[in-house]
Amino acid sequence: MRTFLYFGLMAFLITACSHKNPIVFQKKSDISEVTLTLDTNGTFVYNAKSAVGAEFNEKGTFSIEDSLLILHYQFESFEHLCYEIPLENDTSLIMNYKGTYLLFPTIKDIPEFNIHFASNEELMQHVVAEYNRKNFSERIGTHYFALTSGDFSLLFNGKWNISPHYDAK
């Protein structure tokens, strides 16, 4: 009887913990689906499928510093159609919008969209302006990664929306 209870308790603990890991973020649009899977062991898998672009499937490790998620890719670059595309550390701001965790890209230069931020302060002013737009919620899960499964508090437990400093703005 004691053995039966022991195995029953172990099975319960394993199934209770299985819903928390991995932590999955996703964004999906008419032409693409991108999934970022984070594991509590500090690794990630980044998958992207698009009707117009190349399929992307990369792995690596990640770190969280303050409210930034930093992806460190396993390889420095990947090749597509005879081009070598560099993979720099991908950094996103961890945000909370009405109870939903999301990842906001902190890219300062996007030439194809004519976007350039001269400083971190200018980038953060843009983030605050975007966050306060009336249609911001419509962009979560399409333009910005949204948490779709897993317990993100296993990795991050920030109580703010944008950051402690910028929530006041």
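Now for a look at the structure at hand. Here, residues in each chain are numbered from 1, in the same order as that chain's written sequence. Selection of residues for local features in this predicted model requires a pLDDT of at least 70, selection of side-chain atom pairs for listing and counting requires 80 or more, and totals for whole chains, interfaces and linings are taken over all residues. Here the side-chain values reflect all heavy atoms present in the structure, with hydrogen atoms and water set aside.

As for the sheet that holds strand β4 (residues 56–65)
Pairing is antiparallel around the closed barrel formed by 8 strands, whose spatial order is β1-β2-β3-β4-β5-β8-β9-β12. This sheet shows a mean twist of 30° between the axes of neighbouring strands, independent of strand direction. It only takes one pair of heavy atoms within 4.5 Å for two residues to be counted as in contact. Structural elements are reduced to axes, namely lines fitted to C-alpha atoms, with helices fitted over the stretch in contact, and the angle between N-to-C directions of any two is expressed from 0 to 180 degrees. In this text, helices come from DSSP runs of H or I with a minimum length of four residues, and strands from runs of E with a minimum of two, each type numbered from the N-terminal end. Relative to the sheet, helix α2 (residues 120–131) contacts β8 (90–97) and β9 (100–105), its axis offset from that of β8 by approximately 35°. Any two strands with at least two DSSP-identified bridges between them are counted as paired.

Re the pairing of β9
Sheet analysis places β8 next to β9, joined by 6 bridges and oriented antiparallel. By the bridge assignment, Met95 is partnered in β9 with Leu102. Connecting the antiparallel pair β8 and β9 is a turn made up of 2 residues, with Lys98 showing a positive phi of about 50°. Relative to strand β12 (residues 145–149), β9 runs antiparallel, the two sharing 2 bridges. Residue Leu102 lies in a different strand from β12, and its bridge partner there is Ala146.

Observations regarding the packing of aromatic side chains
The geometry of an aromatic ring pair is captured by two quantities: the separation of the ring centres and the angle between the planes. Ring pairs are drawn from Phe, Tyr and Trp, using the six-membered ring of Trp, whenever the two centres fall within 6.5 Å, and their geometry is named by plane angle: stacked under 30 degrees, edge-to-face over 60, tilted for the rest. Using the criterion set out here, one finds 13 aromatic pairs in the structure. Arranged with centres 5.2 Å apart and planes meeting at 85°, the rings of Phe25 and Phe152 form a pair that is edge-to-face. Taken together, the residues Phe25 in strand β1 (residues 23–28) and Phe152 in the segment after β12 connect sequence positions 127 residues apart. Summarising the burial analysis for this pair, Phe25 and Phe152 share the class buried. With 6.0 Å between their ring centres and 80° between their planes, Tyr46 and Phe145 make a pair best called edge-to-face. The cut-offs for exposure are 20% and 50% of the maximum accessible area for each residue type, with area from a 1.4 Å probe on protein chains only; residues under the lower value are buried, those over the upper are exposed, and the others partly exposed.

Some remarks on the pattern of salt bridges
Side-chain pairing between opposite charges can occur once the charged atoms of the two side chains come close. For this document, the term salt bridge refers to a Lys or Arg side-chain nitrogen within 4 Å of an Asp or Glu carboxyl oxygen. Inspection of the entire model under this criterion finds 3 salt bridges. Notably, a salt bridge pairs Lys28 with Glu33, separated by 3.8 Å at the nearest N-O pair. Take Glu33: its relative accessible area is 32%, and that puts it in the partly exposed class. For the salt bridge of Glu130 with Arg133, the shortest nitrogen-to-oxygen distance reads 3.1 Å. The buried category is assigned to Glu130, whose relative accessible area is 10%.

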